[in-house]
Amino acid sequence: MLSNIKIILVETSHPGNIGAVARAMKNMALSQLCLVAPKQFPSADATSRAAGAHDLLSNVQIVESLAEAVADCHIIIGASARDRTISWPELTARQAAEKFSGPQYAENKIGIVFGRENSGLKNDELDLCRFLVKIPCNSAFSSLNLAAAVQVVSYEFFMAQGKPSASEAGDKETDPLATAEQMESFYQHLYQTMADIGFLHVDKSQSIMRRLRRVFNRAQLDCKELDILRGILRFSQNHNQ
Ligand code: SAH
């Protein structure tokens, strides 16, 4: 299960933090690290801060966009210290670890996304996330160092291994969950259909799409359910022509 977790760092500025993240991950038996447009990598600072975790740095995945980083993930969790004006479903690090370590998620790839040191994650990046995870801490000083945040979240996933999952007991999920790439292509289809049938006003489309994403992300659609929804969209487009 820990091998299904991908830690994703968005536009990290300090390469030393990348090394410290690799070390924190290896301590907690995580191995997949992905960097989205890092400011500087590879770097001697990253290598020295990784201590004995050089293998993670050599196997790192480097991509240009967050969409690419999460494309193969079934569950995407954004780590944020900040309160947001639009609320995403929010979990503490412990709740997230206990929820997603359950047997029903064993076959799923989980992406956990961490933001920039100076400005965190943008709302359009959180749009790609199905959940938001927060590390509870001093509300007057709630922003942890990037590697410290990865350490706490990884620790909770490590500790949750083998514990019975508190949530979703009795869930019988047989079809695999849709990946982020499949969900993005569904959202584009949904947007296009709503535009074609004259439902969308350009000035309001962004907030409507953000709310609709929240609805579908809450539902955690599997592939078969997604096929049905796309079938409905195709049908309504054909009948609108
Ligand atoms: N100053 C930034 C925070 C940067 S800390 C801001 O305004 O958002 C770098 C990253 O570490 C954050 O984007 C987040 O992914 C993670 N992080 C830091 N503190 C956290 C906390 N209390 N809970 C969850 N994630 C946290």
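Residues numbered from 1 in each chain as written. Predicted model: local features only at pLDDT ≥ 70, side-chain atom pairs only at ≥ 80, totals over all residues. Heavy atoms only, no water.

S.K.: For this particular structure, what's the right way to read the overall build of the protein?
M.R.: Across its full length, the protein holds 10 helices and seven strands. Against the globule reference of 18 Å for 241 residues, the protein gives a C-alpha radius of gyration of 19 Å, in line with a compact fold. The burial tally for the protein puts 47% of its 241 residues in the buried class. Intrachain contacts of the protein at a sequence separation of at least 6 include 85% that bridge at least 24 residues. When the accessible area of the protein is evaluated, it comes to approximately 12200 Å², of which 52% is carbon and sulfur surface. Across the protein, 25 positive and 26 negative side-chain charges occur, with their mean positions spaced 4 Å apart. (Helix = DSSP H or I, 4+ residues; strand = E, 2+ residues; numbered from the N terminus. Rg over C-alpha atoms; globule rule 2.2 N^0.38 Å. Buried < 20%, exposed > 50% of the residue type's maximum accessible area, 1.4 Å probe, protein only. Contact = heavy atoms within 4.5 Å. Areas by Shrake-Rupley, 256 points an atom, 1.4 Å probe, with all protein chains shown as cover. Lys, Arg positive; Asp, Glu negative; His and termini not counted. Charge placed at Lys NZ, Arg CZ, Asp CG, Glu CD.)

S.K.: What exactly am I supposed to notice about the packing of helix H5 (residues 93-100) against helix H7 (residues 146-160) here?
M.R.: Angle between the axes and distance between the axes: these two values describe a pair of packed helices. The geometry of H5 relative to H7 is characterised by a closest axis approach of 8 Å and an angle of 40 degrees between their N-to-C directions. Overall, the two elements H5 and H7 adopt an arrangement that is oblique. For the crossing formed where H5 meets H7, the hand is right-handed. Mapping the contact onto sequence places Ala 93, Arg 94, Ala 96, Ala 97, Glu 98 and Phe 100 in H5 and Val 153, Glu 156, Phe 157 and Ala 160 in H7. For the contact of H5 with H7, the residue count by class is seven nonpolar, no polar and three charged. (Axes fitted to C-alpha atoms, helices over the stretch in contact; angles between N-to-C directions. Parallel < 35°, antiparallel > 145°, perpendicular 65-115°, else oblique. Left-handed = near helix turned anticlockwise from the far one by under 90°. Nonpolar A, V, L, I, M, F, W, Y, C, P; charged D, E, K, R; others polar.)

S.K.: What should I look at first to understand the sheet that holds strand E5 (residues 90-92) in this one?
M.R.: Through backbone hydrogen bonds, the strands of a sheet pair up, either in parallel or in antiparallel fashion. Strand order in the open sheet formed by seven strands is E3-E2-E1-E6-E4-E7-E5, and the pairing between neighbours is parallel. The open sheet terminates on both sides in strands that have one partner only, identified here as strand E3 (61-63) and E5. Ignoring which end each strand starts from, the neighbouring axes of this sheet average 25 degrees apart. Inspection of the sheet shows strand E2 (residues 32-36) paired to E3 by three bridges, in the parallel sense. (Pairing = 2+ DSSP bridges.)

S.K.: It is not clear to me how a nonpolar patch on the surface should be interpreted in this structure. Could you clarify?
M.R.: A cluster of nonpolar side chains, Tyr 155, Phe 158 and Met 159, forms an exposed patch at the surface whose accessible area comes to about 270 Å². For Phe 158, the location among the structural elements is in helix H7. (Patch = residues over 30% accessible without salt bridge, like charges linked within 9 Å, V, L, I, M, F, W, Y side chains within 5 Å. Salt bridge = Lys/Arg side-chain N within 4 Å of Asp/Glu carboxyl O.)

S.K.: Would you explain the domain arrangement of the protein in this entry?
M.R.: Note: interface size is frequently given as the accessible area lost on complex formation between the parts. Splitting the protein by domain gives domain 1 (2-160) and domain 2 (180-240). Of note, the centres of domain 1 and domain 2, computed from C-alpha atoms alone, are 28 Å apart. The interface is formed by 19 residues belonging to domain 1 together with 10 residues belonging to domain 2. Summing both sides of the interface, domain 1 and domain 2 together bury roughly 1200 Å²; the carbon and sulfur share of this comes to 51%. On the surface where domain 1 and domain 2 come into contact, there are one salt bridge. Among the ionic pairs, Asp 127 bridges to Arg 210, the shortest N-O distance being 2.8 Å. At the junction of domain 1 and domain 2, the tally comes to five residue pairs in polar contact (both at pLDDT 80 or more). Elements with a minimum of two residues in the side of domain 1 that touches domain 2: strand E4 (75-79), H5 and helix H6 (123-126). When the residues that make up the side of domain 1 that touches domain 2 are grouped by side-chain class, the tally is 13 nonpolar, two polar and four charged. (Domains from an automatic or database assignment. Buried area = accessible area lost by both parts, 1.4 Å probe. Polar contact = N/O pair within 3.5 Å; in protein donor to acceptor, adjacent residues only side chain to side chain.)

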